[in-house]
Amino acid sequence: MDRGTVGSASRGRLHVEIRHHGASAVVTVSGELDHHTADLLRESLEGCVDDGYARLVVDCSPLEFMDSTGLNVLLGARLKAEAEGGGVHLAGMQPVVARVFEITGAEAVFTVHDSLDAALAE
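The protein carries the name Anti-sigma factor antagonist in an unreviewed UniProt entry, which gives Streptomyces decoyicus as its organism. Under the UniProt heading Sequence similarities (unreviewed entry), the note attached to the protein is "Belongs to the anti-sigma-factor antagonist family."

K.L.:
I would appreciate a short explanation of the packing of helix α1 (residues 38–50) against helix α2 (residues 68–83) in the present structure.
P.N.:
In a pair of packed helices, the angle between the axes and the distance between the axes together describe the arrangement. Between α1 and α2, the shortest axis-to-axis distance is 9 Å and the interhelical angle comes to 10°. Judged on the interaxial angle alone, α2 and α1 are roughly parallel. Counted together, A38, L41, R42, L45, E46, V49 and D50 of α1 and T69, V73, L74, A77, K80 and A81 of α2 form the full contact between these two elements. A per-class count over the contact of α1 with α2 returns eight nonpolar, one polar and four charged.

K.L.:
What's the story with the UniProt feature "domain: STAS" (unreviewed entry) in the protein in this structure? I'm lost.
P.N.:
The sites that UniProt annotates as "domain: STAS" (unreviewed entry) are residues 14–122. With 41% helix and 32% strand, the stretch residues 14–122 has end C-alpha atoms that lie 27 Å from each other.

K.L.:
How should I be thinking about the nonpolar core in this particular structure?
P.N.:
Looking at soluble globular proteins, one finds that nonpolar side chains tend to be buried together. With 33 residues, the main nonpolar core has L41, L45, L56, M66, L74, L90 and F101 as its most contacted residues. Going through the elements one at a time, β2 (14–21), β3 (24–33), α1, β4 (55–59), β5 (63–66), α2, β6 (87–91) and α3 (95–104) are the ones with two or more residues in this core. Looking at this core, the element that brings in the most residues is α1, giving six residues. Apart from the residues lying within four places of it in its own chain, the contact partners of L41 are L14, V16, V27, V29, L33, V73 and L74.

K.L.:
What exactly am I supposed to notice about the pairing of β3 here?
P.N.:
Taken residue by residue, a regular strand's side chains alternate between the two faces of the sheet. Within β3, eight of the ten residues are buried, which leaves the element mostly enclosed by the surrounding structure. Across eight bridges, β2 lies against β3 in antiparallel orientation. Each residue of the ladder has a partner; that of H15, found in β3, is S30. Linkage of β2 to β3, two consecutive antiparallel strands, is achieved through a turn of two residues, within which G22 is found at a positive phi near 60°. The pairing of β3 with β4 spans five bridges and is classified as parallel. Opposite V26, over in β4, you have V57 as the bridge partner.

K.L.:
Sorry if this is basic, but what is going on with the pattern of salt bridges here?
P.N.:
Here the idea is simple: oppositely charged side chains can pair when their charged atoms come close. A full pass over the atoms with the stated rule returns six salt bridges. Between D34 and R13 there is a salt bridge; the shortest N-O distance is 2.3 Å. Taken together, the residues span a long stretch of sequence, with D34 in the loop between β3 and α1 and R13 in the loop between β1 (2–11) and β2 at a distance of 21 residues. As a salt-bridge pair, R99 and E102 come within 3.7 Å of each other at their nearest N and O atoms.

Cut-offs applied
- Residues numbered from 1 in each chain as written.
- Predicted model: local features only at pLDDT ≥ 70, side-chain atom pairs only at ≥ 80, totals over all residues.
- Heavy atoms only, no water.
- UniProt positions renumbered as here; feature names shortened; annotations may be inferred.
- Axes fitted to C-alpha atoms, helices over the stretch in contact; angles between N-to-C directions.
- Helix = DSSP H or I, 4+ residues; strand = E, 2+ residues; numbered from the N terminus.
- Parallel < 35°, antiparallel > 145°, perpendicular 65-115°, else oblique.
- Contact = heavy atoms within 4.5 Å.
- Nonpolar A, V, L, I, M, F, W, Y, C, P; charged D, E, K, R; others polar.
- Core = buried A, V, L, I, M, F, W, Y, C linked by side-chain atoms within 4.5 Å.
- Buried < 20%, exposed > 50% of the residue type's maximum accessible area, 1.4 Å probe, protein only.
- Pairing = 2+ DSSP bridges.
- Salt bridge = Lys/Arg side-chain N within 4 Å of Asp/Glu carboxyl O.

This is how it looks when you write it as structure tokens:
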């Protein structure tokens, strides 16, 4: 059940939108995720878990850039979600973002989907 957008926030070059889809929190991240903007995503993801949504689906399709700080935010969210019996699913990564996961090996610890629809169908 999609209840529409339940929250959104922007900080500089990053915009985060949250909606719920059944038991999942869908977090759409657009713009640039780096050390200047990472706290916005961290707060959003932690808030979802605190609200009882341990299955986080991060829609990366509009994300244009991510550095290691952004990766660390996602790794931290993964640990928090898994502690609550859930996990982090990444969807629709652009090649420039996917490259960060490839070169660090972090793609092995996330469930990665080609699209948001595929992540929500699981």
